[in-house]
Amino acid sequence: MTGKKRRAEAADPTEGKHSTRGLDDVIAYHLRRAQEASFAAYSRSVGEIHIWPGWYALLRIIHDNPGINQTELSAASGRDKSTLTASLRELGKAGLVERERDEVDRRNFRLKLSAGGEAQLADLEVKAAAHNARIDAIVGPDHRDLFLSILKQLSVKL
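Residues numbered from 1 in each chain as written. Predicted model: local features only at pLDDT ≥ 70, side-chain atom pairs only at ≥ 80, totals over all residues. Heavy atoms only, no water.

*Asks:* Describe the overall build of the chain, with residues and values.
*Replies:* Looking only at helices and strands, the chain features 7 helices and 3 strands. If you list the helices and strands of the chain from N to C, you get α-α-α-β-α-α-β-β-α-α. Of the contacts formed within the chain by residues at least 6 apart in sequence, a portion of 49% connects residues at least 24 apart. Roughly 11000 Å² of accessible area belongs to the chain as shown, and the carbon and sulfur atoms make up 56% of that amount. (Helix = DSSP H or I, 4+ residues; strand = E, 2+ residues; numbered from the N terminus. Contact = heavy atoms within 4.5 Å. Areas by Shrake-Rupley, 256 points an atom, 1.4 Å probe, with all protein chains shown as cover.)

Structure (structure tokens):
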């Protein structure tokens, strides 16, 4: 059996449905499918917490950088300002993130996690570590550094 045929048989998520053969070698298609699979697995692992992967990342960045403003958070997270604003509004409603007026520039807000946000993040860290370990097992120790490097290059250079 050829490698290409084996790959198609092992990875055909649409078997019995619509053909995706035209996308077999399209990296962006498989990157998006991998992201969706990772997000779905993450959601299953966090259960009823209902903190999406993007929100987890925001909580982690704010935790690591208390007092960060929205512009800085947008750059650090790679999220556009309008998406970030909506996410911060929801995290604020949930009582996880607090906003304080910037003393130097009163137009800006500084962000920090509330006590509830810190507790929620601590719980999420355990689940996120388990999720990351599952991905590490799939990627394998021999490919992990290269895989991370390629992903980082994609996010910087695209």
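*Asks:* An account of the packing of aromatic side chains is needed here, citing residue identities and associated values.
*Replies:* Within the structure shown, the criterion is met by 2 aromatic pairs. Here Tyr-42 and Tyr-56 contribute two aromatic rings whose centre-to-centre distance is 6.4 Å and whose plane-to-plane angle is 45°, an arrangement assigned as tilted. One end of the pair, Tyr-42, is in helix 2 (residues 27-46); the other, Tyr-56, is in helix 3 (residues 53-64), and 14 residues separate them in sequence. Here Tyr-42 falls in the buried class, since its relative accessible area comes to 4%. Measuring from centroid to centroid gives 4.6 Å for Trp-52 and Trp-55, while their planes differ by 80°, and the two rings are edge-to-face. In this structure, Arg-99 is placed above the aromatic ring of Phe-109, and the distance from its NZ or CZ to the ring centre is 3.8 Å. (Phe/Tyr/Trp six-rings, centres within 6.5 Å; stacked < 30°, edge-to-face > 60°. Buried < 20%, exposed > 50% of the residue type's maximum accessible area, 1.4 Å probe, protein only. Lys NZ or Arg CZ within 6 Å of the ring centre and 35° of its normal.)

*Asks:* Which residues make up a nonpolar patch on the surface, and what values do they have?
*Replies:* On the surface, Ile-27, Leu-31, Leu-146, Phe-147, Leu-148, Ile-150, Leu-151, Leu-154 and Leu-158 cluster together into a nonpolar patch covering about 840 Å² of accessible area. Contributing elements (two or more residues each) for the nonpolar patch: helix 2 and helix 7 (144-157). Take the nonpolar patch: its biggest share by element is 6 residues, from helix 7. Mapped onto the elements, Leu-154 comes out in helix 7. A residue is classified by how much of its surface remains accessible, and Leu-154, at 30% relative accessible area, is partly exposed. (Patch = residues over 30% accessible without salt bridge, like charges linked within 9 Å, V, L, I, M, F, W, Y side chains within 5 Å. Salt bridge = Lys/Arg side-chain N within 4 Å of Asp/Glu carboxyl O.)

*Asks:* Pulling in residues and values, what's your account of the side chain of Asp-102?
*Replies:* Residue placement: Asp-102 occurs in the loop between strand 2 (97-101) and strand 3 (109-113). Here Val-104 takes part through its backbone nitrogen, which lies 2.8 Å from a polar atom of the side chain of Asp-102. From its side chain, Asp-102 meets the backbone nitrogen of Asp-105 in a polar contact 3.3 Å long. Contact partners of Asp-102, with chain neighbours within four places excluded, come to Asn-108, Phe-109 and Arg-110. (Polar contact = N/O pair within 3.5 Å; in protein donor to acceptor, adjacent residues only side chain to side chain.)

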